[in-house]
Structures are given as structure tokens and as C-alpha cells.
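# Commentary on secondary and tertiary structure
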Amino acid sequence: MGPSKSVISLSIEQVLLRFYTNCSILYHLKSDSSSTKLDTTFYYFDKLVSGNIKVMLYYNEMLSTLSVKSSQRSINILLNKLLSWRRLEYLVVDREFKIQETSLKVQQFADIPDEVARGKDVRASFPELIGIEENLINIIEGKEQSFQLKASTRVLEDGSYLYFDLYIFGYKEHKKIAKLVLVCENVTSSVTAHQILVQAANENSIIANSLATAHDYIQQLITSINDVLLVTTASGKIKKVNLAAEILFGYSEAELLDKSISTLTADEELLRQFSQLPPAIKSEYWHQVKVVCQTKKGLKLILAFSCSTIDTSIKSQQAGSYALQDFVYIGRDITEQQRTKYRQKAQYALTQILSESTSLDSVTQKILQAICESLEWDVGELWTPAEGEKETKFGAEKRYEKMPFLCVPLLCCPVEEIPVLRRVGVWQRLPEVGDFIESGARISFNPGVSLPGAVWQSGSPQWITDIVNDSNFARSHLAKQVGLRSGFAFPIHASGQLVGVMAFFSREEQPPDEYLLQMMAAAGSQLGEFVKRKYAEKELQEAEASIRVLYEQEKRQSEELAQKNLDLEQAKLELESANRELQRLASIDGLTKIANRRCFDKILESEWRRMTRDKQPLSLILCDIDFFKLYNDTYGHQGGDECLKAVAEILARNARRGGDLAARYGGEEFAVILPRTDARGAIRVAELIHRDLKAREIPHAGSNVSKFVTISMGVAIAMFDTEFSIERLIGDADRALYQAKLEGRDRIVFLNHSNLSQ
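Residues numbered from 1 in each chain as written. Predicted model: local features only at pLDDT ≥ 70, side-chain atom pairs only at ≥ 80, totals over all residues. Heavy atoms only, no water.

Right, let's get into the overall build of the protein chain. Helix and strand content of the protein chain: 20 helices and 27 strands. Residues counted as buried form 42% of the 758 residues belonging to the protein chain. Taking contacts inside the protein chain between residues at least 6 apart in sequence as the whole, the part at least 24 apart equals 58%. For the protein chain, the accessible area works out to roughly 41,000 Å², and carbon and sulfur atoms hold 51% of it. (Helix = DSSP H or I, 4+ residues; strand = E, 2+ residues; numbered from the N terminus. Buried < 20%, exposed > 50% of the residue type's maximum accessible area, 1.4 Å probe, protein only. Contact = heavy atoms within 4.5 Å. Areas by Shrake-Rupley, 256 points an atom, 1.4 Å probe, with all protein chains shown as cover.)

Further remarks concern the pattern of salt bridges. Any two side chains of opposite charge can pair, so long as their charged atoms come close to each other. Under the defined criterion, the tally for this structure stands at 30 salt bridges. As a salt-bridge pair, glutamate 255 and lysine 296 come within 2.9 Å of each other at their nearest N and O atoms. Of the two residues, glutamate 255 sits in helix H7 (residues 253-256) while lysine 296 sits in the loop between strand S11 (289-294) and strand S12 (300-315), which places them 41 residues apart along the sequence. With relative accessibility at 45%, the residue lysine 296 sits in the partly exposed group. Two residues, aspartate 378 and arginine 429, come together in a salt bridge whose shortest N-O distance is 3.8 Å. One end of the pair, aspartate 378, is in the loop between helix H10 (360-375) and strand S14 (379-385); the other, arginine 429, is in the loop between strand S18 (421-428) and helix H11 (434-440), with 51 residues separating them in the sequence. (Salt bridge = Lys/Arg side-chain N within 4 Å of Asp/Glu carboxyl O.)

Side-chain alternation along strand S27 (residues 748-751) places Val749 and Leu751 on a buried face and Ile748 and Phe750 on a face that remains uncovered. Summarising the sheet, strand S26 (residues 711-718) and S27 pair through four bridges and their orientation is parallel. Bridged to alanine 716 within S27 is leucine 751. (Pairing = 2+ DSSP bridges.)

Turning to a nonpolar patch on the surface, a few remarks are in order. A contiguous nonpolar surface patch, about 300 Å² in accessible area, is contributed by Tyr217, Ile218 and Leu221. Within the element layout of this structure, tyrosine 217 appears in helix H5 (residues 188-224). (Patch = residues over 30% accessible without salt bridge, like charges linked within 9 Å, V, L, I, M, F, W, Y side chains within 5 Å.)

Within the open sheet, the five strands sit side by side as S24-S25-S23-S26-S27. Their pairing is mixed. Because the sheet does not close on itself, it has two edges, and the strands there are strand S24 (661-666) and S27. Looking at each pair of strands side by side, their axes are set apart by 20° on average, direction ignored. In terms of strand pairing, S24 meets strand S25 (residues 669-675) through five bridges, oriented antiparallel. Considered in S25, the bridge of alanine 662 is made with valine 672. Across the face of the sheet, helix H18 (residues 679-696) comes into contact with strand S23 (618-625), S25, S26 and S27 while running at roughly 165° to S26. In the packing of helix H19 (residues 726-742) onto the sheet, the strands contacted are S23, S24, S25, S26 and S27, and the crossing angle to S26 comes to about 150°. (Axes fitted to C-alpha atoms, helices over the stretch in contact; angles between N-to-C directions.)

Between two packed helices, what matters for the description is the angle formed by their axes and the separation of those axes. At a closest axis distance of 11 Å, the pairing of helix H9 (residues 335-356) and helix H14 (residues 514-553) adopts a crossing angle of 0°. As far as their axial angle goes, H14 and H9 are roughly parallel. For the pair H9 and H14, contact is made by Arg343, Ala346, Gln347, Leu350, Thr351 and Leu354 and by Tyr515, Leu516, Met519, Ala523, Gln526, Leu527, Phe530 and Arg533, respectively. Classifying every residue of the contact of H9 with H14 by side-chain character gives nine nonpolar, three polar and two charged. (Parallel < 35°, antiparallel > 145°, perpendicular 65-115°, else oblique. Nonpolar A, V, L, I, M, F, W, Y, C, P; charged D, E, K, R; others polar.)

Our next topic: unusual backbone geometry. Its identity as a non-glycine residue notwithstanding, aspartate 258 has a phi of 70°, on the positive side. Locating aspartate 258 in the fold gives a position in the loop between H7 and helix H8 (268-275).

You can see asparagine 654 is positioned in helix H17 (residues 628-654). Within the local environment of asparagine 654, its side chain forms a polar contact with the side chain of aspartate 692, the two groups lying 3.0 Å apart. Filtering out sequence-adjacent residues up to four positions away, asparagine 654 remains in contact with Val685, Leu688, Ile689 and Asp692. (Polar contact = N/O pair within 3.5 Å; in protein donor to acceptor, adjacent residues only side chain to side chain.)

On to the environment of alanine 648. One can find alanine 648 in helix H17. For alanine 648 and arginine 664, which are 16 residues apart along the polypeptide, the C-alpha to C-alpha distance reads 7.6 Å. When near neighbours in sequence (up to four residues on either side) are disregarded, alanine 648 contacts Thr592, Ile594 and Phe670.

Evaluation of the coordinates by the stated rule reveals 16 aromatic pairs. Aromatic pair phenylalanine 473 and phenylalanine 505: ring centres 5.7 Å apart, planes at 65°, arrangement edge-to-face. Here the residue phenylalanine 473 occupies a position in the loop between strand S20 (462-464) and helix H13 (476-482), and phenylalanine 505 occupies one in strand S22 (residues 497-506), the gap between them amounting to 32 residues. A network of ring pairs unites the aromatic residues Trp377, Trp463, Phe488, Phe490 and Phe504 as a single cluster. A cation over an aromatic ring shows up here: arginine 597 above the ring of tyrosine 665, its NZ or CZ 3.9 Å from the ring centre. For arginine 745, the ring lying beneath its charged end belongs to phenylalanine 627, and the centroid distance is 4.3 Å. (Phe/Tyr/Trp six-rings, centres within 6.5 Å; stacked < 30°, edge-to-face > 60°. Lys NZ or Arg CZ within 6 Å of the ring centre and 35° of its normal.)

On to the packing of H17 against H18, then. In contact at an axis separation of 9 Å, H17 and H18 are set at 140° when each is read in the N-to-C sense. Here H17 is positioned oblique relative to H18, judged by the angle of their axes. As for the relative orientation of H17 and H18, their crossing is right-handed in sense. Residues Ala646, Val647, Glu649, Ile650, Leu651, Arg653 and Asn654 of H17 form the contact with H18, whose own contacting residues are Val685, Leu688, Ile689, Asp692, Leu693 and Arg696. The residue makeup of the contact of H17 with H18, split by class, is eight nonpolar, one polar and four charged. (Left-handed = near helix turned anticlockwise from the far one by under 90°.)

Take the side chain of aspartate 626 next. Tracing the sequence through the fold places aspartate 626 in the loop between S23 and H17. Despite its burial, aspartate 626 remains without a salt bridge, the nearest opposite charge being carried by arginine 745 at 4.0 Å. Separated by 2.7 Å, the side chains of aspartate 626 and threonine 710 make a polar contact. If we skip the residues at most four places from it in the chain, aspartate 626 touches His700, Val705, Thr710, Ile711, Ser712, Arg745 and Asp746. (Lys, Arg positive; Asp, Glu negative; His and termini not counted.)

This part takes up the nonpolar core. By size, the foremost hydrophobic cluster in this structure holds 34 residues, and its most contacted members are Ile367, Leu375, Phe488, Met502, Phe504 and Met520. Secondary structure elements with two or more residues in this core: S12, H9, H10, strand S21 (486-494), S22 and H14. Among all residues touching leucine 375, those that are not within four sequence positions of it are Tyr342, Arg343, Ala346, Phe488 and Leu516. (Core = buried A, V, L, I, M, F, W, Y, C linked by side-chain atoms within 4.5 Å.)

The next point concerns the sheet that holds S22. The six strands lie next to each other as S19-S18-S14-S22-S21-S20, forming an open sheet whose pairing is antiparallel. Among the strands making up the open sheet, the edge pair consists of strand S19 (444-445) and S20. Its contacts with the sheet place helix H12 (residues 450-458) against S14, S18, S19, S20, S21 and S22, and it is angled at close to 145° to S22. Here H14 sits on the sheet and contacts S20, S21 and S22; the angle it forms with S21, its principal contact strand, is near 40°.

Turning our eyes to something else, we now look at the environment of isoleucine 132. Inspection of the secondary structure assignment puts isoleucine 132 in the loop between helix H3 (122-125) and helix H4 (133-140). Since its relative accessible area comes to 13%, isoleucine 132 is described here as buried. Note: C-alpha distance between isoleucine 132 and phenylalanine 147 (15 residues apart in sequence) is 9.8 Å. Setting aside residues up to four positions removed in sequence, isoleucine 132 forms contacts with Phe147 and Leu149.

Here it is in C-alpha cells:
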């Protein structure tokens, strides 16, 4: 479309043309050579060149042909059609703001439609103009080009809203008085759409902020969990781990994501099966599943997992299938707890064997088997000086002399006597270690050589984490062939004499366990005393036989024989007393299977010395089952025994750190020793015990404080100064326990120096 040849000069129409120019939408008047026609359409504005309007065609709609001399009515019809496209209406007012002319439907924009009439003040129907009269006068006088009022509002009869924009222009036709043109444009649709978009954007922003806040909160919760958290897909791929899992296993989160859970444990299938059990089957007695896990460095750990499944928001693509499931595992490291149980089990088995055995011939094999099975080690050996032999050094010369079995006196003499160690007993769990066992039957060790020789030379327990790479372990190549990795050994002492060495080996790499070595050293002393007692019994039997022979042969010596018999009877009584003392010294309480009072006293004294030396806190908790006599009266002594066992189990489960000890203090009283534990930590342990007992819900119909079994606890902490003592620590804990009972029982009372001074 080329430029126009002529533009019809109009009055009000020119004003509207100017309005359309500002709104980027114009109409165009064009005349041809035959007759002047009004070819009018709507266009997008391009540019204005030399007074002619150049536009791009928007609609191919031809309006009615009008001549230049067309009537005002025809022009109005044309304008109404032009204005209706944008839903526009207009008014013309004079300098006094009186309405001079209106379009057909302009009343719909008026606040009072009846006031829209010729000669009426426009401000009555359009109150938006009140207060801007000065601007309107400036437009009439040509000082301002135009004025706009955006998004004015009207409330319709049906309660809906009408929004419109008001455009104000001034115009002067020839030499007539200047007037104002007010153009009203209905923008309800665009304003409503804008409001909807703004509301939707605000709602989306609120939702996004809520999701972000929830995500951050969940991340903080996961990070703060002290237990291990693993989330896997149905195929076993790890999706999420928490900080506790990274620390325990030694992997970073990036190293574990999308890896199979078998990287951490070979018991993946057991965890998955347990997760999918119905809740009714997951009873309180099997709420966790214990599995063996492996750290990045290869260290074996035992974790107790609680397992469950959750439905994801992603659906399976297979027709008719349910939502996919993720597996959630929350685990707690119970390695040390299990080790403590193994130690207690081994100690109990050893004590039971020594108390029940009647001869040396059967005790060795039983002890080796009991220790291996209790600690889950694979090979046990007993090494003693070669039966009837000892090697004596005189410079480079060597000779052998006969010596008693399991008895090597350690005498100070100028001659260096070196016993040759030979294996006299062995037990194995697996046939795979057969080559290692067979080689031991053909080998003897001098003191200092290999693990048995090192223990014999030092007289103290020894631990080798990696026997394959230990330069002093003589059978390292055989250990490598059968897969043995770690070993420990302890001496057997009898009245200050070293009589043998017991050594044990495992196919798993085991880190040093100082507490186990101490326990085995004590067990070695027990075994040595047992050997001494059995030899004494053997000597007693031989002496009795000699006495009988002498009595038959020489009646003259009857008085001497009678006296010797009395001496032997006295020795027998002493041996029996020693046997009773050995049984009394057993540190395990027979009913509750936790440490007894004697063990408590011994460990408390040992920890007291150690904490005094290291300047570390030592806490003590004394517990008393509330109204236990009424419990026995209600449920009988067998029920009382079961109650004691349950409480002891809860105490042992919460005294899980290395050095912690749960013990039966006497009757229904228990005690917990907590080395290197401050007041806050001791109170935390007491709260865990209180919580677990409450969760156990052991019925107690005779209690005056609850329908379930409860305990009162007194907590005290040692302050290592010149005035403090073990007796004072126990006294503080006992006073705290007494205070807990006075305050109504079923509570925890902490007593420290400040409490006492007050």
C-alpha cells in the first residue's frame, strides 16, 4: 500500500486519529483518481512521514465508501465502528467541563450514568476528574498535550468490576473555541488477566518458598540425626545418605550416591526382606535387624537397622502397577555393644568351665572352644614349655633337661634358662584353616619368636592386627594361604609363675581391643590358679595313697601318719575354700548376666585411678526399681527375676561406650559407671534408660506411681581434688537416689557439690 494522495481534514476525527497514533493503532483515509473514497481499516503503526500516515494492513475489511462531503452522521457511524474494535467511547466537553457531545455507550463508564447528558458537568459522572481541573485547563490552552488516568474502577449491578483507562486530549476546530475529548477504553479483560497472573505468581512464589523452607528443614533434620540414614531404590541403588553415615563408613555422599548398598553390606537382601514385612510381624522383639557392614578402609562394623518402605511420587510405567517404593534404613552402630556381649559371654563360659571341670585333661579343649565361639574367632591354641624339656644356654653350648608339664618356675639364677614352647592344644571353627593347624604341630618357638614367644617373653597380652605383614610372626605365609588376618595371645600365670600361653586367630581384620586383653589377662590368672589347684589335688591324691601304704606297712608310724592326714585334710579344706573363693570372684551376676557387685567395685576403683590420672570426669548412676517388694508380692519371685533381667538388659544396652559398665549393685539396685562422662552426658544416659524402661511397659499393678515398672535414679559426678573419694562419689549418688525417692520416685536426681553446699 503506497502513501496516500490526500488526507481528509476533520475535527473530532483528527483528535481520535491522534489518540490512535499514541496507542500505536491508526486508521487511514485514502482517495483515488476517480472519486474520493474513505478506505478505512485498522493497522499497526509504522511511522509518520511528511504529514502522511504510513501503516501496515491489519484487517482486509473494506468499510462503506464515503465521499469527502459525507454528512456528520456518516462520519459518526464510521468512528463508532472504528472505536468499537477497542471497545472505546468518548465525550466532548467545553472549558467549563460541560458535556457537549457523547458517543452511544459512554454511559457504561460513568459513575452516575444519568448525569451523562449534554450540558451536564462531566465531573458528576466522572469523579476521577475532580482535583485535576488545572491539568485539563492546561490541555485546552495547549500547555500540555494529553493526560491519562489508568485503571479506573466501576462496580456493576451484578457485583462485578469494570476497569477502564481515560485518555484526555484537547482540540480546536478552525477558529472555534478549544474543547476536550475524553476517550474511555474498556480494559477489564486485561486488568483481570493481569490480576489473575499476579495472584498466580504470588501463590507460586509462596508455594516455592514453602517448599524451599520445608526442604531446608528436612535437610537439617537428616543432618542432625546421629544414627545412620540410608535411602535406596527398589533395585538397591543408594539415593540419600546423611552425615552420620559418611562419618561412620568413611565415604563422601558423592562416592555413595547411585552405588549399590552392597558396597556397605552383603546383607542387602535381608534388609529388603525385613523392610517389606507386615507391621504386625515386626514385633517389639524384632524391631531391628542386625547386619555386618564394612567401612571404606575395610573395617567390619555391626549395625542394628530399622527398615521400612516409602512410596515415591513416580509411577511405574508398567500397566496396572503401583507407585515405586524406596527403602529407608536407619541404623545404629552396635559394634562395641556386641563386643561387650562377646567378652561377657566368653568370661562367663570360662568361669563356668573352670567351676565344672574335674581334670586338666578336659579343660584345655573346652576353654579354647568356648573362647573362640564366644568371641567368634576361628583358631585357638595353647602353647606351653616343651613337655619334659628346657633349653639352657652356656655360651654356644645347649642341653635339655626334664621339666614338669605346665609349670616353669621363674627363678633368678646366673644361668639363662630358655624354655622351648610347643603347642599342646588346638581348636578350629573352619576346615579351611587346616594347613595352619597342621604346621603348628611341627613347630616350636623360643621366647620372643612369633606371637606365643612374644607373650612368653613380655609376660603380658599381645595383639597383632595384621599377622600376614608382621615381620615377627613366623607363620605369616601360612596365615595368608588360609586367610587368617588378626591374632591375640595372653599368658597363663599361677602364683607369679608363667605356665603357658593361649593364642587366638581370626579371618577378619580385628582392631586392638584393650578391654578384651585385660579380661583375657584376668582369665589367664584364673586358669593358672585352676592349674595350680588341680596339681595340688593330684599331689593330695598321691599323698593319700602313700599314707595308706605307709599305714598298712608301719603301724609304728600311725601318729605321724595321723598328723600328716590332718595336715592333708587341712590342705584339702584350703583348696575347697580356694575353689569357693574362685567362684565368688566370678564377675558375672548369675541372674541378670551383667557385672556383679565385686566386679563393680573393682572396675570403679580402676576407673577412679585412671580418671584421677587423666583429670577426666567420672559419673555414677545408682538405680532402684520402685516398689520391687510389691512387685514380688504381686507376680512372685520368678516374675521378679524376669523383671530384674529386663531392667539389666536396658542398663547394659545404654552403657555402650568403651569403659562404661552396668552392674547389679544388690537386690533390686543397679549401678552404671560412666568414665570420661560429664554431668550432662550422665543425665542423658539416665534419661535414655528411663525412656527405654518406660517404652518396655512392664506391668506393675502394685506400684503407687505407675501401672508399669519404674525406677528412681541418682546421678553423681566425681570432682578430682584432695577431698574427694570413691566413697564420697557413691555417697553422693546414693543421696541423689534417696532424694529421687523422697520426691515421689520414677525420676532422675543429679547431685553435685553445689547441691550439697545448699
